[in-house]
Amino acid sequence: MTDHLGLLPHHVIRDDRADGSILLRSGYALGPVARSTGDWLHRWSAEAPDRVFLAERSGEGWRRLSYGEALPQVQAIAAALLDRQPKGAILILSGNSIDHALLSLAAHYVGLITVPVAEQYSLIPEAHGRLQHVIDLVKPGLVFAADGDAYGKALDMADAPAIASNPGTSKAEPFATLLRGSGSVFGAHAAVGPDTVAKILMTSGSTSDPKGVMTTQRMMTTNQTQIADGLPFLRARPPVLVDWLPWNHVFGGSHNFNLVLANGGSLYIDDGKPLSALFPRTLENLGLVSGTISFNVPLGFGQLVEALQADAKLREMYFRDLDMIFYAGSSLPQDIWAALEDLAPERMPLITSSWGLTETAPAATQQHVPAKGAGIVGVPLPGVTIKLEDDGEGRFEVRVKGDNVTPGYWANPEKTRAAFDREGFFITGDAMRFVDPDDLNKGLMFDGRTSEDFKLSSGTWVQAANLRLEMLAALAPLAADLIVVGADRDEIGVLIVPNRAGDFVDVGPVCSGNAISAIRDRLQSKAAAATGSANRVVRALVMAEPPSMGEGEMTAKGNLNFAKVLQRRAELVERLYDNNDPASIVI
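Residues numbered from 1 in each chain as written. Predicted model: local features only at pLDDT ≥ 70, side-chain atom pairs only at ≥ 80, totals over all residues. Heavy atoms only, no water.

Caption draft 1: Structural context of the overall build of the chain. The helix and strand tally for the chain stands at 19 helices and 31 strands. Here the chain has a C-alpha radius of gyration of 24 Å; the compact-globule value for 587 residues is 25 Å, and the two agree. Considering only C-alpha atoms, the chain reaches an extent of 75 × 55 × 55 Å along its principal axes. Across the 587 residues that make up the chain, the buried fraction comes to 57%. Pairs at least 24 residues apart make up 65% of the contacts formed inside the chain by residues separated by at least 6 positions. Counting every atom, the chain has about 23,500 Å² of accessible surface; 51% of that belongs to carbon and sulfur. Treating the 52 positive side-chain charges of the chain as one cloud and the 68 negative ones as another, the clouds have centres 3 Å apart. (Helix = DSSP H or I, 4+ residues; strand = E, 2+ residues; numbered from the N terminus. Rg over C-alpha atoms; globule rule 2.2 N^0.38 Å. Buried < 20%, exposed > 50% of the residue type's maximum accessible area, 1.4 Å probe, protein only. Contact = heavy atoms within 4.5 Å. Areas by Shrake-Rupley, 256 points an atom, 1.4 Å probe, with all protein chains shown as cover. Lys, Arg positive; Asp, Glu negative; His and termini not counted. Charge placed at Lys NZ, Arg CZ, Asp CG, Glu CD.)

As structure tokens, then:
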């Protein structure tokens, strides 16, 4: 039971308009909103000075920083930054750390802009083109990295003064020197207001080159009020997180980090990840600290369930204080959901999700009551207006307006103009369905990306995003990923990125081997259950060359850039539709 969480029932107000669109709003009023993130830091340094704010691993234990310690350090770093007067944004190359957090908070405290980017852009030489794109866009005046030697080439690319926690042999100045800043910061801090741009977050670049999303103080502070209005237990008990999600992404860096700071919680930085080499570290960290909220992507929860099933001590530690299990990134498989419910004790945490984008800070909808399964993204948050444009088949394109929505893209007025409709709603490109059209309080379900949809030559629409997820499930574990193709063709096909653990043999740009027959069998089984040409996949080709981050085929989050893959591998698409090509799997 989740009664101990004091959850409020959903309350949705609907407005059907003459033009056929539907407006959805929360029936709850938006609560008080802070002026800036610095106000949160001031509040908790006064009310809970000894409470742990941030912690990172140090030897067998943790290096902890309290709220009372954090504020003077932030002010000292802010003074040092003002002394340096950087002529551009502060580019942050490395991942989550206490120094990263302090630098960001200090910059935001006095109105300077930070640009955190995926560490892969610096550490993978093939991805340096992505880093150069960011450098050219934001023209940094200062650059930071955790390790000067590991990030040395990237620091040189930025052509700006550099700071590093461990400078090594690089040109970087030691981060510790910033802590000696002593000038006054109060005037600069007082000038920071709701419209001040705090950071630029780069979009994933899954459909085009990454764009710089301007994130204002108002966006961040409004969104945390919206989230806590729907989840009042956040204010009743300061949240404790053991979290790995990267701060260059809006989920980890805005949603989770600010959720801790806004509510006076504690963030234990998990230096593991849901990767085979790093996940043991995550399990070690979870065994040391019992969190009140568990944020993760479905892949991470899948690995966690296996570990919890095998380790009773870890299971007890994980669930001991847990209020909420929150998944994002994609829908949680139902078997993982069911396993978490089975493992949970009588004091059941809320298992939930929300929906939003980098441009919405990120949460725009939230499922803040227990759901009966995965995939439901909830109802509009207070202060958010959702506009639904009906496609005539019970599926809606989603547009958003609210104080949590970005004013636009950095140095890109053309993309900014194209991102909003005539009424000022942000055009998300996402699609939704009602869980129950007769009861809006049951929420919305994510239904793919409209930009990925295409028509067959017959004029039949293919909802490619949903079909991709279905085919990945049907082809697991043979396919690590895939691209659904067939625009203006008679049939749907898929280009498959193989799981290298499978029985595949490279043959030029494609693969062969025993697994090919297994793929054919699964395609036949899936096609036999299809309801029509819109969801019947009849051909496949397995690619031997993995997607290249350097060529823009893969984003820093590990997502495929479908347009770039299809552009670079146009010849393989033609082979896919050649019935005489021996590598093309046709059923």
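Caption draft 2: View of the packing of helix α1 (residues 37–47) against helix α2 (residues 67–84). Two elements in contact, α1 and α2, have axes separated by 8 Å at closest approach and are oriented at 140°. It follows that α1 is oblique to α2 by the angle criterion. Crossing angle aside, the handedness with which α1 passes α2 is left-handed. Every residue of α2 that contacts α1 at L41, H42, W44 and S45 is listed here: Y67, G68, A70, L71, V74 and Q75. When grouped by side-chain class, the residues that make up the contact of α1 with α2 number six nonpolar, four polar and no charged. (Axes fitted to C-alpha atoms, helices over the stretch in contact; angles between N-to-C directions. Parallel < 35°, antiparallel > 145°, perpendicular 65-115°, else oblique. Left-handed = near helix turned anticlockwise from the far one by under 90°. Nonpolar A, V, L, I, M, F, W, Y, C, P; charged D, E, K, R; others polar.)

Caption draft 3: Focus on empty space enclosed by the protein. This structure, assessed with the given rule, holds six cavities of 30 Å³ or more. Forming the walls of the largest cavity are 15 residues, and the residues nearest its centre are S104, H108, K199, G253 and F257. Secondary structure elements with two or more residues in the lining of the largest cavity: α3 (98–109), β6 (114–116) and α10 (250–262). A total of five residues in the lining of the largest cavity trace back to one element, the largest contributor, which is α3. Within the lining of the largest cavity, the residues separate by chemical class into seven nonpolar, seven polar and one charged. Reported here for the second largest cavity is a volume of approximately 100 Å³. As for the second largest cavity, its lining consists of eleven residues, and the residues nearest its centre are Y121, M202, T203, S204 and N248. (1 Å grid on protein atoms, 1.4 Å probe; cavity = no way out; pocket = protein on both sides within 12 Å on 5 of 7 lines; lining within 4 Å. Points joined across faces, edges and corners; volume = space filled by probe spheres on them.)

Caption draft 4: Geometry of the pattern of salt bridges. Scanning all chains against the criterion turns up 35 salt bridges. Measuring nitrogen to oxygen at the nearest pair gives 2.9 Å for the salt bridge that ties R347 to D323. Here the residue R347 occupies a position in the loop between α14 (334–343) and β16 (350–352), and D323 occupies one in the loop between α13 (312–319) and β15 (324–327), the gap between them amounting to 24 residues. Under the relative-accessibility criterion, D323 is labelled buried at 4%. Because the salt bridges share partners, they merge into one network encompassing R17, D19, K387, E389, E397, R399, D421 and E423. (Salt bridge = Lys/Arg side-chain N within 4 Å of Asp/Glu carboxyl O.)

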